[in-house]
Amino acid sequence: MVRCSKVLAVLLVFSFISKIHFVLGDGEANMFCSPREKQALLTFKLGLMDPSHRLSSWVGDNCCTWEEEEENEAYMAQLGGEINPSLLELKHLKSLDLNSNDFNGTSIPEFLGSLKSLQYLNLSHAGFGGKLSHQLEHFDMSEVNLSYVSNWLQVINTLPSLLELHLLDCGLYQFLSLPYHNFTALEVLDLSVNHFNSPLPDWFSSLNNLLSLYLSHNSFQVSAAIDNLTSVTSLYLDANNLEGEIPRELCNLTFLQTLDVAHNNLSGAIPRCFSKLSAMASKNYTSFGQSYLPFGETILLGSNGLLLEYARSTLSILTSMDLSHNSLSGEIPQEITRLLILRYLLLSNNHFTGKIPEKIDDMVLLENLDLSGNQLTGVIPRSISRLTSLKRLNLSYNCWKIQYDLFFLYV
């Protein structure tokens, strides 16, 4: 005997024309549900209004055999009533579809955000209204399919106390307009791995308290709406099909500590407008000649087509730098050896020429050094052998002169 809750548990479909059924794991026979699950479903049914008796088969001990009445289903009335939190007892609930019913303006159940195994949620055309708790501070529906929930943003807009919103990989693709913006307390917003293909909406400009913004793996276009996000310390725009130069709008983000714009189609030079950021209070800046980048911890610009026109660098408190797969040229700046706490320096697949800076051994914390795929010449300096923290070294695909007494590197 196999417990149906252990294999996939429940797919509840309450649409007007679809039947309610359970999704079982591998089609095994003799499946049964536990008394706890049975009671949870009966309690759930008790809260519903079912004028056409669509759930009349929900009797007996084995809830894995319960289905929605199919006869004359096109003429059956919609389900209504309330959604009972007894569903929380269904620990393996994967999919919940409430679309095309009539819940007569009742609030979207707050407990839905606590269904940890839920992967699909459809609340479209179900007559929900009202608001979630005004005190809700953390809302995470990541990896739940919300592609059919057209009013998701309107629901979020009813949460003035919301501090964190996580909607990673939810199948979202559009922002509907908002008459006002009510979630201005937001500090963390994660919309990564969705299908947005638009400029950042105007309401972004009202997120004055935002600290971390995750927009990876979409097709966002950076717009003027980002100008007011002056509190942001972490911004992830990697894999967004960004083209052209690094967006000038980033120049106003004076407290950035982490910027990831890797895996885009950026080209041109690192912009001079970053020079306006040199006066930031924390002094966490990066300079390329006369241009300053305020990245206190990490800068990820890899897999673009950037040009480094200003080859001077004093990134004093940077711990990671990834500039691989760009069009950087010239010699590696001697000033890069001032990055005394840098642990990762990735400059592979560029057009660097000349020699490795002789004082590279000043970077005593360096753990990963990748200079492969450039046009570096001369001999590999002995100073590399004094990088005692080094765990990974890649100097391949350059034009080295062999120095045979170098093979005592601590790697």
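Residues numbered from 1 in each chain as written. Predicted model: local features only at pLDDT ≥ 70, side-chain atom pairs only at ≥ 80, totals over all residues. Heavy atoms only, no water.

For the protein, an unreviewed UniProt entry supplies the name Leucine-rich repeat-containing N-terminal plant-type domain-containing protein and the organism Kingdonia uniflora. Recorded under Sequence similarities (unreviewed entry), the UniProt text for the protein is reproduced unchanged: "Belongs to the RLP family." (UniProt positions renumbered as here; feature names shortened; annotations may be inferred.)

*Asks:* Which residues make up the overall build of the protein, and what values do they have?
*Replies:* Tallying secondary structure elements over the protein gives 3 helices and 27 strands in all. As displayed, the protein offers around 18600 Å² of accessible surface, 50% of which is attributable to carbon and sulfur atoms. (Helix = DSSP H or I, 4+ residues; strand = E, 2+ residues; numbered from the N terminus. Areas by Shrake-Rupley, 256 points an atom, 1.4 Å probe, with all protein chains shown as cover.)

*Asks:* Before we move on, could you go through the side chain of Asn194 and cite the residues and values that matter?
*Replies:* Among the secondary structure elements, Asn194 is positioned in the loop between strand S10 (188–190) and strand S11 (212–214). We classify Asn194 as buried; its relative accessible area is 5%. Polar side-chain contacts of Asn194 include one of 3.0 Å to the backbone nitrogen of Cys170. Ignoring any residue separated from it by four or fewer positions in sequence, one finds Asn194 in contact with Leu167, Leu168, Asp169, Cys170, Gly171, Leu172, His217 and Asn218. (Buried < 20%, exposed > 50% of the residue type's maximum accessible area, 1.4 Å probe, protein only. Polar contact = N/O pair within 3.5 Å; in protein donor to acceptor, adjacent residues only side chain to side chain. Contact = heavy atoms within 4.5 Å.)

*Asks:* Could you give an account of unusual backbone geometry, with specific residues and numbers?
*Replies:* Non-glycine residue Asn241 carries a positive phi angle of around 60°. Overall, the relative accessible area of 51% leaves Asn241 in the exposed class. Phi at His263 takes a positive value of approximately 60°, unusual for a residue other than glycine. Secondary-structure assignment places His263 in the loop between strand S14 (258–260) and strand S15 (265–269).

*Asks:* Give me the lowdown on the sheet that holds strand S25 (residues 375–379), citing residues and values where you can.
*Replies:* Paired through their backbone hydrogen bonds, the strands of a sheet run either parallel or antiparallel. Within the open sheet, the 4 strands sit side by side as S21-S23-S25-S27. Their pairing is parallel. Two strands lie at the open edges of the sheet, namely strand S21 (329–331) and strand S27 (399–401), each paired on one side alone. For this sheet, the mean inter-axis angle between neighbouring strands, taken without regard to orientation, is 15°. (Pairing = 2+ DSSP bridges. Axes fitted to C-alpha atoms, helices over the stretch in contact; angles between N-to-C directions.)

*Asks:* Lay out the packing of aromatic side chains in plain terms, naming residues and giving numbers.
*Replies:* This structure, assessed with the given rule, holds 10 aromatic pairs. Among the aromatic residues, ring-to-ring pairing joins Trp152, Phe175, Phe183, Phe196, Trp203, Phe204 and Phe220 into one connected group. (Phe/Tyr/Trp six-rings, centres within 6.5 Å; stacked < 30°, edge-to-face > 60°.)

*Asks:* Which residues make up the environment of Leu365, and what are the values?
*Replies:* Within the secondary structure, Leu365 sits in the loop between strand S23 (351–354) and strand S24 (368–370). Spatially, the C-alpha atoms of Leu365 and Ile341 are 5.8 Å apart, while their sequence positions differ by 24 residues. Not counting the four nearest positions on each side in its chain, Leu365 is found in contact with Leu340, Ile341, Leu342, Arg343 and Ser389.

*Asks:* Can you explain the environment of Leu376? Please cite residues and give values.
*Replies:* Mapped onto the fold, Leu376 is located in strand S25. Among the residues examined, Leu376 registers a relative accessible area of 0% and is labelled buried. A C-alpha to C-alpha distance of 9.9 Å links Leu376 and Ser396, two positions 20 residues apart in sequence. When residues no more than four places from it in sequence are discounted, the contact partners of Leu376 are Ile332, Phe352, Thr353, Gly354, Ile356, Leu371, Asn398, Cys399 and Trp400.

*Asks:* Which residues make up the UniProt feature "domain: Leucine-rich repeat-containing N-terminal plant-type" (unreviewed entry) in the protein, and what are the values?
*Replies:* The residues that UniProt annotates with the feature "domain: Leucine-rich repeat-containing N-terminal plant-type" (unreviewed entry) are residues 35–67. Across residues 35–67, the secondary structure splits into 36% helix and 6% strand, with the terminal C-alpha atoms separated by 18 Å.

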